[in-house]
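Take a look at the letters that make up each chain.
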Amino acid sequence: MYLFTRTAQLTGPLREAFGWAAEITAFVNGHGASHVSLWSATYGQPVGTVTWTTWVDSMADISTLFVALESHDDYHEVLASGRDFLAAPAQDEIRQLVHGVPPETPPPAGAVVVRTTAMVANGQYVAALGWGADMAGHVEKVSGQPSFFLMDSFGGFGQVTWFSVSPDVAAAEAANDAINSDADYLARLSDVATLFLPGSGHRAMATKLV
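All figures in this text were calculated on a predicted structure; none of them were measured in a lab. (Residues numbered from 1 in each chain as written. Predicted model: local features only at pLDDT ≥ 70, side-chain atom pairs only at ≥ 80, totals over all residues. Heavy atoms only, no water.)

S.K.: What is the right way to read the overall build of the chain from this model?
M.R.: A count of helices and strands for the chain gives seven helices and eight strands. Principal-axis analysis of the C-alpha atoms gives the chain an extent of 55 × 35 × 30 Å. Burial analysis of the chain (210 residues in total) assigns 43% to the buried set. Intrachain contacts of the chain at a sequence separation of at least 6 include 80% that bridge at least 24 residues. A total accessible area of about 10800 Å² is found for the chain, and carbon and sulfur atoms account for 57% of it. (Helix = DSSP H or I, 4+ residues; strand = E, 2+ residues; numbered from the N terminus. Buried < 20%, exposed > 50% of the residue type's maximum accessible area, 1.4 Å probe, protein only. Contact = heavy atoms within 4.5 Å. Areas by Shrake-Rupley, 256 points an atom, 1.4 Å probe, with all protein chains shown as cover.)

Printed below as a string of structure tokens:
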């Protein structure tokens, strides 16, 4: 199982830009086999950053989805209508699931995702993957919220990603408080110094729009 994401930084009047992002999301969901969610960065990324996400069984499924979309002239028209809203070309990423069970139905609008990324240190790949999956399971147990651990398939070699999904900001805050007050979680963090490159960790929060 893989998580496909497309991230873009929108510019111009953001109300109009987000409207376009929602429009193209609706088009894709009306013409594709996979459901796509649209997220807006809340903290940890530039203002105006949006991300489209969808779970797929294989990388081949993504190719099939885009081939189907690109056969529609309307798709290209919707894409072109947003060219003035894009500060730079969007970036596609795909991550392989290591721990977690994708939901049968997408989270509702207003849901919050907290994401952490880090780079595995040289020679620590196997140990880091095992630690990362175990930590995701522990976070899920303590927080009560679904948590995932994934290997980034492209981009920086050795990058891994954790994320947890909460129904709203209040639930995300409560989950964060529970984790940060858990002695076992804090003790496990001591392993970070040897498993991951110093300074490579990054956290961000996003809210689901559509």
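Once the structure has been displayed, the description carries forward.
S.K.: Help me out: how do you make sense of helix α5 (residues 169-180) in this one?
M.R.: Look at α5: 16 Å from first C-alpha to last across twelve residues, which is about the 16 Å you get at 1.5 Å a residue. All of the buried residues in α5 are A171, A172, A175 and I179. Angular distribution of buried residues about the axis of α5 spans 100°; they occupy a single face of the element. In this fold, the buried residues of α5 make contact with β5 (112-119), α4 (125-143), β7 (159-166) and α6 (183-188). The N-cap of α5, judged by a side-chain oxygen 3.3 Å from the amide nitrogen of A170 a few residues on, is D168. (Expected span 1.5 Å × (residues − 1). Arc of directions from axis to C-beta. Polar contact = N/O pair within 3.5 Å; in protein donor to acceptor, adjacent residues only side chain to side chain.)

S.K.: What exactly am I supposed to notice about the pattern of salt bridges here?
M.R.: Here the idea is simple: oppositely charged side chains can pair when their charged atoms come close. Counted according to the given criterion, the structure contains five salt bridges. E93 is the partner of R95 in a salt bridge, and the nearest nitrogen-oxygen pair spans 3.5 Å. Judged by its relative accessible area of 5%, R95 falls in the buried class. A salt bridge links R188 to D134; the nearest nitrogen and oxygen atoms lie 2.4 Å apart. Here D134 lies in helix α4 and R188 lies in helix α6, a separation of 54 residues in the sequence. D134 sits in the partly exposed class, given a relative accessible area of 44%. In the salt-bridge network here, residues are joined through shared partners; they are E93, R95 and D152. (Salt bridge = Lys/Arg side-chain N within 4 Å of Asp/Glu carboxyl O.)

S.K.: It is not clear to me how the packing of α4 against α5 should be interpreted in this structure. Could you clarify?
M.R.: How two helices sit against one another is set out by the angle between their axes and by the gap between those axes. Taken N-terminus to C-terminus, the directions of α4 and α5 make an angle of 115°; their axes are 9 Å apart at the nearest point. By the angle between their directions, the pair α4 and α5 is classed as roughly perpendicular. Here α4 and α5 pass one another in a crossing that is right-handed. Taking contact as the criterion, the partners of V139, V142 and S143 in α4 are, on α5, A175, A178 and I179. (Axes fitted to C-alpha atoms, helices over the stretch in contact; angles between N-to-C directions. Parallel < 35°, antiparallel > 145°, perpendicular 65-115°, else oblique. Left-handed = near helix turned anticlockwise from the far one by under 90°.)

S.K.: What should I look at first to understand the packing of aromatic side chains in this one?
M.R.: Counted according to the given criterion, the structure contains twelve aromatic pairs. On the numbers, 5.6 Å between centres and 70° between planes, the contact of W162 with F196 is edge-to-face. Of this pair, W162 sits in strand β7 while F196 sits in the loop between α7 (192-195) and β8 (202-208); the two residues are 34 residues apart in sequence, bridging distant segments of the chain. Here W162 and F196 have matching classes, each one buried. (Phe/Tyr/Trp six-rings, centres within 6.5 Å; stacked < 30°, edge-to-face > 60°.)

S.K.: Honestly, the environment of A90 in this entry has me stumped. Any pointers?
M.R.: Locating A90 in the fold gives a position in the loop between α3 (73-81) and β4 (91-99). In the structure, A90 is positioned 80 residues away from L10 in sequence and 9.5 Å away in space, judged by C-alpha atoms. Residue contacts for A90: discarding those within four places in its chain leaves R6, T7 and A8.

S.K.: Can you help me understand a nonpolar patch on the surface in this one?
M.R.: A cluster of nonpolar side chains, namely Y125, V126 and F157, defines an oily patch on the protein surface of about 400 Å² accessible area. Within the secondary structure layout, Y125 lies in helix α4. When its relative accessible area of 37% is taken as the criterion, Y125 is described as partly exposed. (Patch = residues over 30% accessible without salt bridge, like charges linked within 9 Å, V, L, I, M, F, W, Y side chains within 5 Å.)

S.K.: Would you explain the pairing of strand β6 (residues 147-152) in this entry?
M.R.: Remark: a regular strand shows side chains that alternate across the two faces of the sheet. Taken across its six residues, β6 has six buried, putting it largely inside the fold. In β6, alternate side chains face the same way, and those of S147, F149 and M151 on one face and F148, L150 and D152 on the other are all buried. Note: β4 against β6, four bridges, orientation antiparallel. In the strand pairing of β6, L97 is matched with L150. Where β6 and β7 come together, five bridges link them in antiparallel fashion. By the bridge assignment, F148 is partnered in β7 with F163. (Pairing = 2+ DSSP bridges.)

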